[in-house]
Amino acid sequence: MLREFYPDLCFEIVAMSTTGDKILDTALSKVKDLFQIGEKSLFTKELENALERNEVDLVVHSLKDLPTSLPPGFTIGAICKRENPLDAVVFHPKNCGKTLSVLPEKSVIGTSSLRRAAQLKKKFPQLEFRDIRGNLNTRLKKLDEKEDFSAIILAAAGLKRMGWENRIGQLLSPEDCLYAVGQGALAVEVRAKDQETLNMVSALQDGETVLCCIAERAFMKRLEGGCSVPVAVNTMLKDGQLYLTGAVYSLDGSDSLKETMQTSVNYPHRNEDGPNDDVQHVGITAKNVPGQAQEAAENLGIELASLLLSKGAKHILSVARQLNDAC
């Protein structure tokens, strides 16, 4: 994408794997300290180390893998236009053409996500849900070549990016399954003081995606959530109004809180030079998006989380975290 904006520049791609990519036998929700506030996560540590050593100038992540607080010296310099953020069901070949609702009782569904399992256990109590780990290739192979799973749940965006959109047998609407914070969006992380690179990657910024993801990340940060607890969202920007739905769940989905709030983000962009140009909102520096709109989006996430906390969300998440750690 950068080559389209800067055809005269040469961009070298450096492929790297992370600790999280290598953990294939354990559900990530059971890995201690994966998403502690302010800590490097399993999916970013090696990449950020390379960035810090000036071995690379920018790194690309799935936004949902990035903690809501980045280590000092780093920032998300761009968030690209979001792909479909919904979850998708990929069925075993013998179940092609079916939906979750018509699968036989006790059918086993594979997912490594507590968020997905909590919501779908409540929606489809007749089904069983089990962990499945590995990259997309590995998970699809486990599904297709064995009889362990009737279907697996994956992010629709990942399947599309890999060219496997034809494997999607069912898209789960927000009524069935709210998605993860940042799901479907790619983030470009850079050194916070590298103005040249910040200016360059800002061309990739998608304003609507930025505002939605700022609200979602602020919601997650206020809740002190992560992949070890079931937290889910749905956002929409329409006619200058940003709508955020957020929810928390017990591990089995039996206990939950869900609310929706909205705010106006219809502010003009002001070209003002000054110290506030590079203000971060939940780790995001969005030069091309009005600052007042970013503040409104962040406040929306904080206020919605505060509302859920006032109704008992902290207890639900604490119990979920304790039960997950004990498993």
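First, a word on what this report is: a plain description of the structure on this page. Think of each chain on its own: its residues are numbered from 1, step by step along the sequence as written. Totals for whole chains, interfaces and linings use every residue, but because this is a predicted model, local features are given only for residues with pLDDT of at least 70 and side-chain atom pairs only at 80 or more, for both listing and counting. Working from all heavy atoms in the structure, the side-chain values ignore hydrogens and water.

Before going further, it helps to spend a moment on the pattern of salt bridges. Only one rule defines a salt bridge in this text: a Lys or Arg side-chain nitrogen within 4 Å of an Asp or Glu carboxyl oxygen. Inspection of every chain in the model, using the stated rule, returns 12 salt bridges. Put simply, Arg82 and Glu216 hold a salt bridge, and the shortest N to O gap is 3.0 Å. Linking Arg82 in the loop between strand E2 (74–79) and strand E3 (87–91) with Glu216 in helix H8 (residues 207–223), this pair joins segments that are 134 residues apart in sequence. With respect to burial, Arg82 and Glu216 carry one shared label: buried. Helix and strand assignments follow DSSP, with helices taken as H or I runs no shorter than four residues and strands as E runs no shorter than two, numbered in order from the N terminus. Exposure classes here rest on a 1.4 Å probe applied to the protein chains alone. A residue is buried below 20% of its type maximum, exposed above 50%, and partly exposed in between.

Take the pairing of strand E10 (residues 241–249) next. By the criterion of burial, E10 is predominantly enclosed, with 7 of the 9 residues buried. In terms of strand pairing, strand E9 (residues 231–238) meets E10 through 8 bridges, oriented antiparallel. Pairing of Met236 across the sheet is with Tyr243, part of E10. With antiparallel pairing between neighbouring strands as the criterion, E9 and E10 make up a hairpin whose turn holds 2 residues, including Asp239 at a positive phi of roughly 50°. For E10 and strand E11 (residues 256–264), the ladder comprises 9 bridges, and the chain directions are antiparallel. Looking at the pairing, Leu244 lines up with Met261 of E11. Between the antiparallel neighbours E10 and E11 lie 6 residues, among them Gly253 with a positive phi of about 80°. Two strands qualify as a pair provided that DSSP identifies no fewer than 2 bridges between them.

The next point concerns unusual backbone geometry. Most peptide bonds take the trans configuration, and most residues that are not glycine carry a negative phi. At Asn54, a residue that is not glycine, the phi angle is positive and equals roughly 60°. Inspection of the secondary structure puts Asn54 in the loop between helix H3 (45–52) and strand E1 (59–62). Residue Asn54 is classed as exposed on the basis of its relative accessible area of 52%. The phi dihedral of Asp239 falls on the positive side, at around 50°, and the residue is not glycine. Considering the arrangement of structural elements, one finds Asp239 in the loop between E9 and E10. Look at Asp239 and you get exposed, because its relative accessible area is 72%.

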